[in-house]
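Chain by chain, the residues:
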Amino acid sequence: MVTRKQTEKTDGATKNATLKLLKYDLRWIYKILAPLYLALVACAIFARLFGAIENSVVFEIVTQIFVGATIALAINILINTVARSCSRFTRNLYKDESYLTHTLPVSTKAIFRAKVLAALVTVFTTVAVVLASLFIAFYSDALLELVKSTLQLVAEIYNTSVIAILLLVALVSFVEVLLFTLIGFVCIILGHRASNNKPLKSIIWGLVIYAGAQLLMLGALVLYGLVNPEIMNLINTTVAISVDALKSLLYFTSVVYLLDSIALYLLGQKLLARGVNVD
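The following refers to the structure shown. Computed from a prediction, not measured in an experiment: that's the story for all the values here.

1. Regarding the overall build of the protein chain
Then, in step 1: Each helix and strand counted, the protein chain has nine helices and zero strands in total.
Then, in step 2: Along the chain direction, N to C, the helices and strands of the protein chain fall in the order α-α-α-α-α-α-α-α-α.
Then, in step 3: Along the longest, intermediate and shortest principal axes, the C-alpha atoms of the protein chain span 75 × 55 × 45 Å.
Then, in step 4: Split into buried and exposed, the 279 residues of the protein chain put 35% on the buried side.
Then, in step 5: Long-range contacts, defined here as pairs at least 24 residues apart, represent 75% of the contacts in the protein chain between residues at least 6 apart.
Then, in step 6: For the protein chain, the accessible surface area stands at approximately 16500 Å², while carbon and sulfur atoms represent 71% of it.

2. Some thoughts on the packing of aromatic side chains
Then, in step 1: Using the criterion set out here, one finds twelve aromatic pairs in the structure.
Then, in step 2: For the pair Phe50 and Phe59, a centre-to-centre distance of 5.7 Å together with 20° between the ring planes defines the contact as stacked.
Then, in step 3: Through a chain of ring-to-ring contacts, the aromatic side chains of Phe46, Phe50, Phe59 and Phe66 assemble into a single cluster.
Then, in step 4: Above the plane of the ring of Tyr24 lies Lys23, whose end atom (NZ or CZ) is 5.1 Å from the centre.
Then, in step 5: Stacked on the ring of Trp28, the Lys or Arg Arg84 has its end atom at 3.9 Å from the ring centre.

3. A closer look at the packing of helix α8 (residues 229–236) against helix α9 (residues 243–273)
Then, in step 1: Running from N to C, α8 and α9 cross one another at 80°; their axes reach a closest spacing of 9 Å. What the angle tells us is that α8 and α9 run roughly perpendicular. Along its contact with α8, which presents Glu230, Ile231 and Leu234, the element α9 presents Ala245, Ser248 and Leu249.
Then, in step 2: Residue composition of the contact of α8 with α9, grouped by class: four nonpolar, one polar and one charged.

Conventions adopted
Numbers given for residues are sequential positions, taken from 1 along each chain in its written order. In keeping with the model being predicted, local features are shown solely for residues with a pLDDT of at least 70 and side-chain atom pairs are shown and tallied solely at 80 or more, while totals for entire chains, interfaces and linings include all residues. Side-chain measures here rest on the full set of heavy atoms in the structure, leaving out hydrogens and waters. In DSSP terms, a helix is any run of H or I states spanning at least four residues, a strand is any run of E spanning at least two, and both are numbered starting from the N terminus. Three exposure classes are used, based on accessible area relative to the maximum for each residue type with a 1.4 Å probe and protein chains only: buried under 20%, partly exposed in between, and exposed over 50%. Contact criterion: two residues are considered in contact whenever any of their non-hydrogen atoms come within 4.5 Å of each other. Accessible areas in this description were obtained via Shrake-Rupley with a 1.4 Å probe; residue shielding takes into account the shown protein chains only. Put simply, two rings from Phe, Tyr or Trp (the six-membered ring, in Trp's case) pair if the centres are within 6.5 Å, and we call them stacked under 30 degrees between planes, edge-to-face over 60, tilted for the rest. Charge-over-ring placement is defined geometrically: NZ (Lys) or CZ (Arg) within 6 Å of the ring centre, and within 35 degrees of the ring normal. To get an axis, fit a line to the C-alpha atoms, keeping to the stretch in contact for a helix; angles then go from 0 to 180 degrees between the N-to-C directions. Reported orientations rely on four angle classes, namely roughly parallel under 35 degrees, roughly antiparallel over 145, roughly perpendicular from 65 to 115, and oblique for the rest. Just so you know the grouping, Ala, Val, Leu, Ile, Met, Phe, Trp, Tyr, Cys and Pro go in nonpolar, Asp, Glu, Lys and Arg go in charged, and all remaining residues, Gly too, go in polar.

In structure tokens:
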């Protein structure tokens, strides 16, 4: 019989293992992202500084160069963040590093959990750095006032507060990022269970899983529409729905995406527990 103390000890060891793996994953990913972050912030600062100099054609050209570099770097970092997380997942579990990973005294659940957490942390770090850099480069009193007035207008339409709107947007964004992260990892696992053309089959699995998630969402909306006529009108008519119905729709889709994410998370853990085909 397993005692409570033994269970707590096991849970503590699992958490420690997850945190250690998470630390190594973040260190590996940030080794590339950190210099890009610094370059992005530097370009944004220079764009701001040179943009403050008036009546100079030369400085106007320099400003536009740094503005273009800021936008290009922001896009590059967003893509690189996703690519690095997927690369870390593949290298750690299926490439040369996999031999070390699979000999560690940790469960596959801890490994998978660490990978998911690392991806989420890096994605939201990147989004924060990109938004801060764009704010530095393009901030103006007029732009700030426009953002405030827009948020206030949306809050009034939804009969809620600006903070509630921001929290709802953050919730929806988090759930969607979590879902896409898990789709990416699960499709890599399924693709590498094949004997050949693993990258191609991973992409195919990704498309299949994504399409399946969207079909599940559509089916869930139809079922929800059976108890909420306004939602059904959204599906089979062009009639605009009320603000309350739109709010409930956002909450409902977030719950469905969260359930999809939980299902994919459990599926990923189960597939890894069955073993991996190391390249």
